[in-house]
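These are the residues of each chain, in order.
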Amino acid sequence: MNNKVSYTYMVLRYVHDVTTGEFVNVGVAMHAPDARFVGALCRNTYGRLNKVFPGVNADHFKSLMRHIQAQFERFGERLSEELPLHRSNSVEDFARTVLPADDSSLQWSPAGSGRTSDPSATLEKLFDRMVMRYEDRSARERRGEEDVWRHFKRTLEARQLLRYFEPHTIAVPDDELEFKHTWKNGVLHCLEPVSFDLATPESIHDKAHRWLGRINSISTSHERFRLYFLVGAPQDESLGRAYERAISILGKAPVEKAFFAESEAEQLARLVASEVEGHERATMQ
């Protein structure tokens, strides 16, 4: 996206005591109408919150954060696919739908605004600046496959490509493997997020071998498929060498494959868009 578009955002606050007004930022929601983008990122840890306000129910808090983020993801999917949805020029309508204004502990800040050429990247920057800035690095939870997929998903959403994907299972006589994000244009294209944000070199190494075994097991399928590994690197920079070895191990899989790091999400979206457009042109001829 080359041209800048306007956006609005709101910060989600946990207000422990409405009398004193003390709060901790726990999430950010953002809407860029011209890019048909709406999304939110919420804290998945409660360490700092518990330090400031002891006694917070961890399970309840995390469940709320997942619910709010999931609601915004559904809005984003509907908006990007241009399905019926009330039009809004502000993030506030979405925010109030998910979490109405009341006297609960979770409160939205007044809206801010700006301009961006990349709404997904801007949302992440706002989240880092507004929410995670003072977080103890060691307290950050490790990211799983859903977190890695969410990163790529936002870029695909912006190009209205999510509607082309559906789950598909590749089967051989003695095994099968389901891929949640696939599309077909003669060849089955399978997007598979894999997080290597683990604690030790051994766990990274073992996970790569498990995936290699799974792919080897279905590699004799008569169905032609191309596998796109969407890989999440470890947050711990000291595990960089183990991460490189894991990619090398996955590279031994005897199938058509490609690797995309999170920094290459836009490249993946361009590739998918090109494949989809080419297929549609061929279909129309």
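Cut-offs and rules
- Residues numbered from 1 in each chain as written.
- Predicted model: local features only at pLDDT ≥ 70, side-chain atom pairs only at ≥ 80, totals over all residues.
- Heavy atoms only, no water.
- Core = buried A, V, L, I, M, F, W, Y, C linked by side-chain atoms within 4.5 Å.
- Buried < 20%, exposed > 50% of the residue type's maximum accessible area, 1.4 Å probe, protein only.
- Helix = DSSP H or I, 4+ residues; strand = E, 2+ residues; numbered from the N terminus.
- Contact = heavy atoms within 4.5 Å.
- Phe/Tyr/Trp six-rings, centres within 6.5 Å; stacked < 30°, edge-to-face > 60°.
- Lys NZ or Arg CZ within 6 Å of the ring centre and 35° of its normal.
- Axes fitted to C-alpha atoms, helices over the stretch in contact; angles between N-to-C directions.
- Parallel < 35°, antiparallel > 145°, perpendicular 65-115°, else oblique.
- Nonpolar A, V, L, I, M, F, W, Y, C, P; charged D, E, K, R; others polar.
- Salt bridge = Lys/Arg side-chain N within 4 Å of Asp/Glu carboxyl O.

Novice: Explain the nonpolar core residue by residue, including any values.
Specialist: F179, F196, I215 and F229 are the most contacted members of the largest nonpolar core, which totals 25 residues. Taken together, the elements giving at least two residues each to this core come down to β7 (175–184), β8 (188–195), α6 (201–218), β9 (225–232) and α7 (240–250). In terms of residues, this core owes the most to one element, α6, which gives 6 residues. Those residues in contact with I215, other than ones at most four positions away along the chain, are L177, F179, L227, F229, A253 and V255. L12, L79, V91 and V98 belong to the second largest nonpolar core, which has 21 residues in total.

Novice: A description of the packing of aromatic side chains should follow, citing residues and the corresponding values.
Specialist: As enumerated under the stated definition, the model contains 10 aromatic pairs in all. An aromatic cluster of three or more residues is present, and its members are F72, F75, F94 and W108. Positioned above the aromatic ring of F23, the side-chain terminus of R13 is 4.3 Å from the ring centre. Its guanidinium or amino end placed over the ring of W211, R214 lies 4.7 Å from that ring's centre, counting from NZ or CZ.

Novice: Help me get a handle on the packing of α6 against α7, residues and values and all.
Specialist: Where α6 meets α7, the closest approach of the two axes is 9 Å, and the angle between their N-to-C directions is 10°. The angle between α6 and α7 falls in the class roughly parallel. Packed against α6, whose contacting residues are P201, I204, H205, A208, H209, W211 and L212, the element α7 presents A242, Y243, R245, A246, I249 and L250 at the interface. Classifying every residue of the contact of α6 with α7 by side-chain character gives 10 nonpolar, 2 polar and 1 charged.

Novice: I'd like a description of the pattern of salt bridges, backed by residues and values.
Specialist: Inspection of the entire model under this criterion finds 12 salt bridges. Among the salt bridges present, the one from R241 reaches E244, with a minimum N-O distance of 3.6 Å. With R241 and E244 both in helix α7 and 3 residues apart, this pair spans about one turn of that helix. The structure contains a network of salt bridges with shared partners spanning E73, D147, R150 and K153.

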